[in-house]
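Commentary on secondary and tertiary structure
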Amino acid sequence: MNILNGRIKILLILLLLSCYNLSFSNEVHSLTDTLIKGSALIDTDGKPVNAHGAGMLYHKGVYYLFGEVKKGKTWLVPDQQWEDFRVPAGGVSCYSSTDLKHWKNRGVVLKPTTNNPGYDLDTGRVIERPKVIYNERTKKFVMWMHIDKNDYSYSRGGVAISDNPFGPYQYLGSVAPNHQMLRDMTLFKDDDGKAYLIYSSENNNTMHVCLLSDDYLTPTKTYTRILEDKGRESPAIFKNKGKYFLITSGCTGWSPNAASYAVADQIMGPWAARENPCKGPNAEVSFFSQGAFVLPVVNKPDTFIFMADRWNKTDLEKSGYLWLPIRIINDKIEIHNIDGR
Ligand code: DGJ
């Protein structure tokens, strides 16, 4: 009798688990349906969305997607030790949507310049991983991005502001926070209104988390070194139930590698390094993608989307995207390649 009860209990648990998985997957499908098929994302004009290394801002009922404009012929920078494929820096694009499915092109909101090789926004430079947050005090939309030279030796954070989420953004200049390198980066605004820059530093060996000034325009002296000597890039951070999660990639240029993540109770650390959150076939190359951002889906508690790029390194303009749900199990996360996209 007891054995039977035990078996029934196990069956019930399995049934509950499979219902949870099914509803989770349905929920996520309704979100990601037309969003991303592991390749092109099409805007409302029927054109491919050109917003790579993207970030997302939610403001007054609208999602704004910002990303790198990659347009033109891809070329290989000579005399580099690694596959330094480049396209002209096309500035930062913006798309808006109210349903995460239909994306309206709002144009290039931070425009590059030409024939000005010494200027940060020249098409001959690198403008990557733009992220935007809103400052309630100054009423400005603040964009931070990675600014570099073709050989990635400049390693600075650029900042721009606008009165509107959809720009135009006015470029204010770039900075090496606390005289440290800044390459792949993201931006995070916490519940208390404080904002942080998180970036690969020290030649990509160690990440830094740096508190921004109250107007979000300047890095403060308050910063911490995390994931020391772990060689991580493409930081994508989110917070759930008081815990911070940071997903990163390894450093293999435009080629995919295994992601990993870290968890913290406080953004300044300590951060506990964890394994690859990607599970299943091709998890070791993050399903041929590299993270850019984690989107908290508004009004859907515990629902986060891992937004990643699928780089096409020899034709960067043709790079695609992969957006996948994050499964949170207490302080652990998993990313599954739903539908094997
Ligand atoms: C990997 C970074 O994550 C990308 O943003 C870009 O900087 C490439 N490296 C350049 O190779």
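Here is a short report on the structure shown in this document.

What counts as what
Residues numbered from 1 in each chain as written. Predicted model: local features only at pLDDT ≥ 70, side-chain atom pairs only at ≥ 80, totals over all residues. Heavy atoms only, no water. Near = heavy atom within 4 Å. Polar contact = N/O pair within 3.5 Å; in protein donor to acceptor, adjacent residues only side chain to side chain. Areas by Shrake-Rupley, 256 points an atom, 1.4 Å probe, with all protein chains shown as cover. Nonpolar A, V, L, I, M, F, W, Y, C, P; charged D, E, K, R; others polar. Phe/Tyr/Trp six-rings, centres within 6.5 Å; stacked < 30°, edge-to-face > 60°. Buried < 20%, exposed > 50% of the residue type's maximum accessible area, 1.4 Å probe, protein only. Helix = DSSP H or I, 4+ residues; strand = E, 2+ residues; numbered from the N terminus. Lys NZ or Arg CZ within 6 Å of the ring centre and 35° of its normal. Pairing = 2+ DSSP bridges. Axes fitted to C-alpha atoms, helices over the stretch in contact; angles between N-to-C directions.

1. Some remarks on the site of the ligand
Close to the ligand lie W82, E128, R129, Y152, D184, E233, G253, W254 and Q290. In this structure, G253 approaches the ligand through a main-chain N or O atom, which is 3.4 Å from a nitrogen atom. Separating an oxygen atom of the ligand from a side-chain N or O atom of W254 is a distance of 3.3 Å. The protein chains hide 97% of the 290 Å² of surface that the ligand would expose on its own. Broken down by class, the residue content of the shell around the ligand amounts to 3 nonpolar, 2 polar and 4 charged.

2. Topic: the packing of aromatic side chains
Overall, the coordinates contain 11 aromatic pairs when judged by the stated rule. Aromatic pair Y134 and F141: ring centres 4.5 Å apart, planes at 35 degrees, arrangement tilted. By the burial criterion, Y134 is buried, and F141 matches it. A ring pair is formed by F188 and Y244, whose centres lie 6.0 Å apart and whose planes are at 80 degrees; its orientation type is edge-to-face. You can see F188 sitting in strand β11 (residues 185-189) and its partner Y244 sitting in strand β16 (residues 243-249), a full 56 residues away along the chain. Relative accessible area serves as the criterion here: at 11%, F188 is assigned to the buried category. Among the aromatic residues, ring-to-ring pairing joins F188, Y244 and W271 into one connected group. Its guanidinium or amino end placed over the ring of Y154, R125 lies 4.9 Å from that ring's centre, counting from NZ or CZ.

3. Some points on unusual backbone geometry
The omega torsion across G167 and P168 is 0 degrees, close enough to zero to call that bond cis. Tracing the backbone shows P168 in the loop between β9 (156-162) and β10 (170-175). In this model, G269 is joined to P270 through a cis peptide bond whose omega is 5 degrees. Inspection of the secondary structure puts P270 in the loop between β17 (260-264) and β18 (271-274).

4. Considerations on the sheet that holds strand β13 (residues 206-212)
Read across the open sheet, the 4 strands follow the order β11-β12-β13-β14; overall the sheet is antiparallel. The sheet is open, and its two edges are formed by β11 and β14 (219-226), each paired on a single side. Put simply, the sheet's adjacent strands are angled 25 degrees from each other on average, direction ignored. Of the pairings in the sheet, the one linking strand β12 (residues 195-201) to β13 comprises 6 bridges and is antiparallel in character. Counterpart to S201 in the pairing with β13 is T206.

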